[in-house]
Amino acid sequence: MKSLSITGLILLAVSALLFYLTTDFTVGGITISHMMGVMAGVGIGLIIGGMVGYVSKGSAIKAEEKKREFKRLQQEKEDLEKQAADIARREAELQQNQNPQI
């Protein structure tokens with residue numbers, strides 16, 4: 001995202017330089033072709049921004065889903081460990097009750 005911002009600033013500087021070289025920043029020097037260039041630049045920026053936003057949103061959703069799945073699996077593992085410990089404790093109690101030492 002940072003590199004995209006830097007690229008945008010570089011392109012903005014290049015467009016300002018080209019605009020200065022062609023019109024000297026005078027209002028009378030602005031033609032319809034300049035307006036078309038500005039609108040095309042805004043359109044291209046919106047398209048690229050939309051694509052980058054879509055990709056980053058998708059990867060963020062996938063990462064969140066993986067994190068949620070990992071937490072669920074950890075919880076299941078803890079539950080199974082508790083059940084195994086409980087079963088082992090019960091078996092030990094049964095063994096002790098069946099074979100009383102005299």
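- As recorded in an unreviewed UniProt entry, the chain goes by the name Lipopolysaccharide assembly protein A domain-containing protein, listed as coming from Chryseobacterium lathyri.

**Description of the overall build of the chain**
Next up, step 1: Counting its secondary structure elements, the chain contains 2 helices and 0 strands.
Next up, step 2: Per-residue burial over the chain gives 2% buried out of 102 residues.
Next up, step 3: Surface accessibility of the chain: about 9,300 Å² in total, with carbon and sulfur atoms responsible for 67%.

**Let's talk about a nonpolar patch on the surface**
Next up, step 1: A surface patch of nonpolar side chains, amounting to about 680 Å² of accessible area, comprises Ile6, Ile10, Val14, Leu17, Leu18, Tyr20 and Leu21.
Next up, step 2: The topology assignment puts Leu21 in helix α1 (residues 2-23).

**Here's the deal with the UniProt feature "transmembrane region" (unreviewed entry) in the chain**
Next up, step 1: The sites that UniProt annotates as "transmembrane region" (unreviewed entry) are residues 32-56.
Next up, step 2: From the first C-alpha to the last, residues 32-56 spans 36 Å; its make-up is 100% helix and 0% strand.

**So, the UniProt feature "coiled-coil region" (unreviewed entry) in the chain**
Next up, step 1: Here, UniProt's "coiled-coil region" (unreviewed entry) annotation points to residues 63-97.
Next up, step 2: Secondary structure across residues 63-97 divides into 100% helix and 0% strand, with the first and last C-alpha atoms of the span separated by 51 Å.

**Some points on the pattern of salt bridges**
Next up, step 1: The final tally for this structure, using the stated rule, is 5 salt bridges.
Next up, step 2: For Glu76, the salt bridge is made with Arg72, and the minimal N-O distance between the two is 2.3 Å. Here Glu76 pairs with Arg72, and both are found in helix α2 (residues 32-98), just 4 residues apart, close to one helical turn.
Next up, step 3: A salt bridge links Arg90 to Asp86, with the nearest nitrogen and oxygen atoms 3.3 Å apart. Of this pair, Arg90 and Asp86 both sit in helix α2, 4 residues apart, which is roughly one turn of that helix.
Next up, step 4: Each of Asp86, Arg89, Arg90 and Glu93 takes part in one network of salt bridges that share partners.

So, how was this worked out
- Residues numbered from 1 in each chain as written.
- Predicted model: local features only at pLDDT ≥ 70, side-chain atom pairs only at ≥ 80, totals over all residues.
- Heavy atoms only, no water.
- Helix = DSSP H or I, 4+ residues; strand = E, 2+ residues; numbered from the N terminus.
- Buried < 20%, exposed > 50% of the residue type's maximum accessible area, 1.4 Å probe, protein only.
- Areas by Shrake-Rupley, 256 points an atom, 1.4 Å probe, with all protein chains shown as cover.
- Patch = residues over 30% accessible without salt bridge, like charges linked within 9 Å, V, L, I, M, F, W, Y side chains within 5 Å.
- Salt bridge = Lys/Arg side-chain N within 4 Å of Asp/Glu carboxyl O.
- UniProt positions renumbered as here; feature names shortened; annotations may be inferred.

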